[in-house]
Each structure stands twice: as structure tokens, then as C-alpha cells.
Amino acid sequence: MGEPFDRLMEVQLHDTTLDQLRHRMDALPEREALLEIGTRQRALAAATADVGAQVDDLAGRQRSLEGQIAAAAKRRHDIEQRMLSGDSYAARDLQAMDQEVQHLAARQAQLEEEEIALLEEEEPLDQLLADHQATADVLAAEAARLGAAIAEAEVEITASIATEEAERSESAAGLPPDLAERYQQLRSHLGGVGAARLVGDRCDGCHLTLSSVEIERFRHLPPDQFSTCPQCDRILVH
Ligand SMILES: [Zn+2]
């Protein structure tokens, strides 16, 4: 068998290559890796927001304590000023003022201790936020690397597809329309392979052996006629 069946086999080879290229384009391993990075980035962002909320809460409590410390200090200062002003106070009043000054000093010291405890509580959270940021930076760099690798592969595969499509149209241009149509129908139903060669006594499409009667029948076909594989129905080129 020669034309147009050798030409048909060329078209089949180009179609198989095109199928492989399109599959490669869809199944780039970097695409899956990038999706995985995205999942990790979202989980990290959620965890970071959670820690951030805890830090904000501590900061709010710290501001409240500082307000109370400042108020106690001011009141203490005011009383001390009054005691030092030279105004004459009854001994009982002076004693009460002195007691309040001591009470305010004790309260201020207690509030300051509470503030220190808050700062100690915040320390590991700040460290955690720094760790999260470092991880986020690593993930962002990896995502950028994968994105660039995908873009590069896409350019390369797109160019290969264009070349292959041009060669395929050149080969397909010389096919008789009925043969081309039959081939397309079979190809769409049979996993992309519409035409196969007879190799020895085996169909190269389904890899099954044909009986000697069938082989004889193929041998005696006129050169311009084709038959299909009795097992898989593909156009069989011998
Ligand atoms: Zn077959």
C-alpha cells in the first residue's frame, strides 16, 4: 500500500504527537506543585491572621494598662504636690493622703507587673509571626519560580504544537475527503488512534493477531482500497 495510506499514517503520527503535546501542556507537574503552594499559602495566611488577632488583643490590654498606670501616677503626683504645697492640712488629712499615695504606688507597681506579663506573653507570638513571614517569603519565591517554569514550558509546547499542526495540515491536504472523514470519526471514538499499520500478522492499533484468512484478504485488496481491523475497527494500513 502506498498513497494515500502512507500519508494517512503521517497524519496519524502528527495527531498522536499533538495529543501528547496537549496532554503535556495540561499535566505540567509545576501546575500541580503551584496549586499545592497556593493551598499552603492560604493555610499560612489563616494561621497568621489568628496569631495577629491574639497580638492585637494583647496590645489592646497593654494600652488599657498603660492608661491605668498613667492615671495612678498622675493622681499620686497631684497628691504629693498638694502635700508639698505648704498648705496647712490637718494631721488626719495628711495621713489619709499619705495612705493614698502608698496605695497608688502599690497599685502602679501591680499594674506594671501585669504589663510585663503581657509583654512576655506577646514575645513567642511575635516570634511566631516572624517565622510565618519567613515561610511566606519562601512560598512566594517558590510560587514565582513555578510560575516562570510554567510560562517557559507553555511557550515551548505552544511552539511545538504550531510546528506540528503546520506539518499535519500539509500531510492531511493530500488525503481523499472520505478517507479523512472516516479516519477522524474512528480517531474520536478510539482514543485518538484511527489508523494503524499491519505489522506481521498483528494490528499495531490493538496489538491483536489477525487470522491467516484475514491476512490473505488484506493482501488481495486493490491498492486504493482499505479495510479495517476486525478486532478494533481501525483503518488498517498494510
Ligand atoms: Zn486492531
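The structure displayed is predicted, hence computed values, not measured ones.

Reading the values: the criteria
Residues numbered from 1 in each chain as written. Predicted model: local features only at pLDDT ≥ 70, side-chain atom pairs only at ≥ 80, totals over all residues. Helix = DSSP H or I, 4+ residues; strand = E, 2+ residues; numbered from the N terminus. Rg over C-alpha atoms; globule rule 2.2 N^0.38 Å. Buried ≥ 20, exposed ≤ 12 C-beta atoms within 10 Å, placed from the backbone. Contact = placed C-beta atoms within 7 Å. Domains from an automatic or database assignment. Nonpolar A, V, L, I, M, F, W, Y, C, P; charged D, E, K, R; others polar. Core = buried A, V, L, I, M, F, W, Y, C linked by C-beta atoms within 7 Å. Pairing = 2+ DSSP bridges. Axes fitted to C-alpha atoms, helices over the stretch in contact; angles between N-to-C directions. Parallel < 35°, antiparallel > 145°, perpendicular 65-115°, else oblique. Left-handed = near helix turned anticlockwise from the far one by under 90°.

### Some thoughts on the overall build of the protein
Consideration 1: In terms of regular secondary structure, the protein is built from five helices and four strands.
Consideration 2: Start at the N end of the protein and walk to the C end: the helices and strands fall as α-α-α-α-β-β-α-β-β.
Consideration 3: In terms of C-alpha radius of gyration, the protein reaches 42 Å, well past the compact-globule figure of 18 Å for 238 residues.
Consideration 4: Summarising its shape, the C-alpha atoms of the protein cover approximately 135 × 35 × 25 Å along the three principal directions.
Consideration 5: Every one of the 238 residues in the protein was classed for burial, and the buried ones make up 11%.
Consideration 6: Considering only intrachain contacts with a sequence separation of at least 6, the fraction spanning at least 24 residues in the protein is 78%.

### So, unusual backbone geometry
Consideration 1: The phi angle at His 207 is positive, at roughly 65°, despite the residue not being glycine.
Consideration 2: Looking at where His 207 falls in the secondary structure, it is placed in the loop between strand E2 (202-203) and helix H5 (212-219).
Consideration 3: A count of 11 C-beta atoms within 10 Å places His 207 in the exposed class.
Consideration 4: The phi dihedral of Asp 233 is positive, around 75°, even though this residue is not glycine.
Consideration 5: Within the secondary structure, Asp 233 sits in the loop between strand E3 (227-228) and strand E4 (235-237).

### Quick look at the domain arrangement of the protein
Consideration 1: Per the domain assignment, the segments of the protein are domain 1 (5-174) and domain 2 (179-237).
Consideration 2: The interface is formed by eight residues belonging to domain 1 together with 12 residues belonging to domain 2.
Consideration 3: A total of seven residues in the side of domain 1 that touches domain 2 trace back to one element, the largest contributor, which is helix H1 (residues 5-26).
Consideration 4: Split into classes, the residues belonging to the side of domain 1 that touches domain 2 amount to four nonpolar, two polar and two charged.

### A short note on the nonpolar core
Consideration 1: One finds Leu 8, Ala 195, Cys 203, Ile 235, Leu 236 and Val 237 to be the most contacted residues of the largest nonpolar core, which totals 15 residues.
Consideration 2: Domain assignment of the residues forming this core places at least three in each of domain 1 (5-174) and domain 2 (179-237).
Consideration 3: Among all residues touching Leu 8, those that are not within four sequence positions of it are Leu 175, Leu 179, Tyr 183, Ala 195, Ile 235 and Val 237.

### Focus on the sheet that holds E2
Consideration 1: Strand order in the open sheet made by the four strands is E2-E1-E4-E3, with mixed pairing throughout. Every interior strand has two partners, whereas the edge strands, E2 and E3, have only one.
Consideration 2: Inspection of the sheet shows strand E1 (residues 195-199) paired to E4 by three bridges, in the parallel sense. In the sheet register, Ala 196 faces E4, and the bridge partner there is Leu 236.

### Some remarks on the pairing of E1
On a regular strand, each side chain points to the face opposite its neighbour's, so the side chains alternate between the two faces of the sheet.
Consideration 1: Judged from the two bridges that link them, E1 and E2 form a sheet pairing that is antiparallel. Looking at E2, one finds that Val 199 is bridged to Arg 202.
Consideration 2: Between the antiparallel neighbours E1 and E2 lie two residues, among them Gly 200 with a positive phi of about 65°.

### A word on the environment of Thr 228
Consideration 1: Considering the arrangement of structural elements, one finds Thr 228 in strand E3.
Consideration 2: Among the residues examined, Thr 228 registers 17 C-beta atoms within 10 Å and is labelled partly exposed.
Consideration 3: Each C-alpha atom, one on Thr 228 and one on Gly 200, is 16 Å from the other, the two residues being 28 residues apart in sequence.
Consideration 4: Not counting chain neighbours up to four residues away, the residues in contact with Thr 228 comprise Asp 233, Arg 234, Ile 235 and Leu 236.

### Some words on the environment of Gln 20
Consideration 1: By the element assignment, Gln 20 lies in helix H1.
Consideration 2: For Gln 20 and Ile 161, which are 141 residues apart along the polypeptide, the C-alpha to C-alpha distance reads 9.8 Å.

### Quick look at the packing of helix H2 (residues 29-84) against helix H3 (residues 91-173)
Consideration 1: Closest axis-to-axis distance for the H2/H3 pair is 7 Å, and the angle between their directions is 165°. Relative to H3, H2 is oriented roughly antiparallel. Once H2 is placed against H3, the crossing between them reads as left-handed.
Consideration 2: Of the residues belonging to the contact of H2 with H3, the class tally is 30 nonpolar, 10 polar and 17 charged.

### Examining the packing of H1 against H3
Consideration 1: Two numbers describe how H1 lies on H3: the axes approach to 9 Å, and their chain directions differ by 165°. As the angle between them shows, H1 and H3 are arranged roughly antiparallel. At the point where H1 passes H3, the crossing takes the left-handed sense. On the side of H1, the interface is formed by Arg 7, Glu 10, Val 11, His 14, Asp 15, Thr 17, Leu 18, Leu 21, Arg 24 and Met 25, while H3 contributes Glu 154, Ile 157, Ser 160, Ile 161, Glu 164, Glu 165, Glu 167, Arg 168, Ser 171 and Ala 172.
Consideration 2: Tallied by class, residues from the contact of H1 with H3 come to seven nonpolar, four polar and nine charged.

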